[in-house]
Amino acid sequence: MDHEADAHRTDLMTITRHVLNEQTKYPESRGDFTILLSHIVLGCKFVCSSVSKAGLAKLLGLAGETNIQGEEQKKLDVLSNEVFVKALISSGRTCILVSEEDEEAIFVDPSKRGRYIVVFDPLDGSSNIDCGVSIGTIFGIYLVKDEENPTIDDVLQAGKNLVAAGYCMYGSSCTLVLSTGSGVNGFTLDPSLGEFILTHPNIKVPKKGKIYSVNEGNAKNWDEPTTKFVEKCKFPTDGSPPRSLRYIGSMVADVHRTLLYGGIFLYPADKKSPNGKLRLLYEVFPMSYLMEQAGGQAFTGKQRALDLVPGKIHERSPVFLGSYDDVEEIKALYAAAN
Ligand code: FDP
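None of the values given here were measured: they were computed from a predicted structure. (Residues numbered from 1 in each chain as written. Predicted model: local features only at pLDDT ≥ 70, side-chain atom pairs only at ≥ 80, totals over all residues. Heavy atoms only, no water.)

Time to look at the overall build of the protein chain. Per the secondary structure count, the protein chain includes eight helices and 13 strands. Computed over C-alpha atoms, the radius of gyration of the protein chain comes to 20 Å, within 12% of the 20 Å expected from 2.2 N^0.38 for 338 residues, which places it in the range of a compact globule. Across its three principal directions, the C-alpha atoms of the protein chain cover 60 × 60 × 45 Å. Taking as baseline every contact in the protein chain between residues at least 6 positions apart, the subset at least 24 positions apart corresponds to 62%. Total accessible area computed for the protein chain in this model is approximately 16,000 Å², and 52% of it derives from carbon and sulfur atoms. Taking the average location of the 36 positive side-chain charges in the protein chain and that of its 43 negative ones, the two points are 4 Å from each other. (Helix = DSSP H or I, 4+ residues; strand = E, 2+ residues; numbered from the N terminus. Rg over C-alpha atoms; globule rule 2.2 N^0.38 Å. Contact = heavy atoms within 4.5 Å. Areas by Shrake-Rupley, 256 points an atom, 1.4 Å probe, with all protein chains shown as cover. Lys, Arg positive; Asp, Glu negative; His and termini not counted. Charge placed at Lys NZ, Arg CZ, Asp CG, Glu CD.)

Structure follows, in structure tokens:
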């Protein structure tokens, strides 16, 4: 019997225990982040349970529809947003919230205010809900400059100022991937325990990948560097085999695969959408932060993604992120084109 392996199986590293361990590296820490994270985790557990019961619970359908009891049914993304907003406010550790679902930033009442800003997309990839494809929650966390006087400028910070970022993927299992600035760790929800357990410690994205991930339906409108890059993936001229194309169309799932298997995920600018499609604050920044923390890169076509400073909370940006070498290739093509 392998007693050592057995000891590991009985020594469960939950996400809370992991963050508490990290916290001991900062003696000045007051445990605020751990409390904030436990509220994010609660939101993720709620959404996970709702997504898995969606068909059964008749949660699907348009917002505004009524159920048998005559109550208004909420679409999953609307419901998820409400759960996250309430959980984050009640944590007492947040001062500003920016959600994909809300046009304006939410300023938390002074009586419940803390020093963290959370930017999030409560249910990303929502066009995939009805067909049971993996979807997820994405979040990024900043610190406010002055807790007494939070302003919108505290939100409009470069991605490199994030203090933490992560996503939770609602797929065949429920996986929460988190970075607090010292690497990336993945936790899987054990439904019988109701706890996220560390299952993917210290994730590193392979230096070079064999997969590219893009919505090729937009190819007609791409610029030259993107077109050349995808052409090279399909018809390599250096003797290497062609790369595989994988595109789910749900950012969390596409990025999760890229993080684990390597490769590149791209949502470039095109003639119809000069800023691409993805939102800077709660899609591009958190995923770019995780990718860099895992040893990869994230580029916009012009610069390092995390150096961008948003001008508006719902601003969009093109993005190329993934394995270090793959992003180097696209950077070289853009450099040659300018
Ligand atoms: P969705 O429209 O389903 O919400 O930004 C949202 C997003 O999904 C991402 O999750 C996904 O990567 C992207 O849009 C897919 O866009 P396309 O359908 O244009 O490929």
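A few words now on the site of the ligand. For the ligand, the set of nearby residues contains 13 residues, the closest of which are D124, S127, N215, Y247 and Y267. Taking S127, its side chain carries an N or O atom lying 2.5 Å from an oxygen atom of the ligand. Taking E283, its side chain carries an N or O atom lying 2.8 Å from an oxygen atom of the ligand. Calculation on the ligand without its partners gives an accessible area of 470 Å², and the protein chains cover 80% of this total. Residues belonging to the shell around the ligand are distributed by class as follows: four nonpolar, six polar and three charged. (Near = heavy atom within 4 Å. Polar contact = N/O pair within 3.5 Å; in protein donor to acceptor, adjacent residues only side chain to side chain. Nonpolar A, V, L, I, M, F, W, Y, C, P; charged D, E, K, R; others polar.)

Bringing helix 7 (residues 280-293) into the picture now. Counting buried residues along helix 7, twelve of its 14 residues qualify, which places the element largely inside the surrounding structure. Residues L280, L281, Y282, E283, V284, F285, P286, M287, S288, Y289, L290 and M291 constitute the buried set of helix 7. Count one or two residues on from helix 7 and you reach G295, which has phi positive near 95 degrees. (Buried < 20%, exposed > 50% of the residue type's maximum accessible area, 1.4 Å probe, protein only.)

Now for the sheet that holds strand 3 (residues 113-124). Here eight strands make up an open sheet; going across it, the order is 2-1-3-4-5-6-7-8 and the pairing mixed. Both outer strands of the open sheet, strand 2 (106-107) and strand 8 (195-200), are each paired with one neighbouring strand and no more. Pairing between strand 1 (residues 94-99) and strand 2: two bridges, direction antiparallel. In the sheet register, L97 faces strand 2, and the bridge partner there is I106. Across the sheet, helix 3 (residues 32-53) is in contact with strand 1, strand 3, strand 4 (135-143), strand 5 (164-170), strand 6 (174-179), strand 7 (185-190) and strand 8; its angle to strand 3 comes to roughly 20 degrees. Packed onto the sheet, helix 4 (residues 76-90) meets strand 1, strand 2, strand 3, strand 4 and strand 5 and runs at close to 165 degrees relative to strand 3. (Pairing = 2+ DSSP bridges. Axes fitted to C-alpha atoms, helices over the stretch in contact; angles between N-to-C directions.)

Contact geometry for helix 6 (residues 251-261) and helix 7: axes closest at 11 Å, N-to-C directions at 15 degrees. If you check the angle between helix 6 and helix 7, you find them roughly parallel. Here helix 6 and helix 7 pass one another in a crossing that is right-handed. Counting all contacts with helix 6, which are made through M251, V252, V255, T258 and L259, the residues of helix 7 involved are E283, M287, L290 and M291. (Parallel < 35°, antiparallel > 145°, perpendicular 65-115°, else oblique. Left-handed = near helix turned anticlockwise from the far one by under 90°.)

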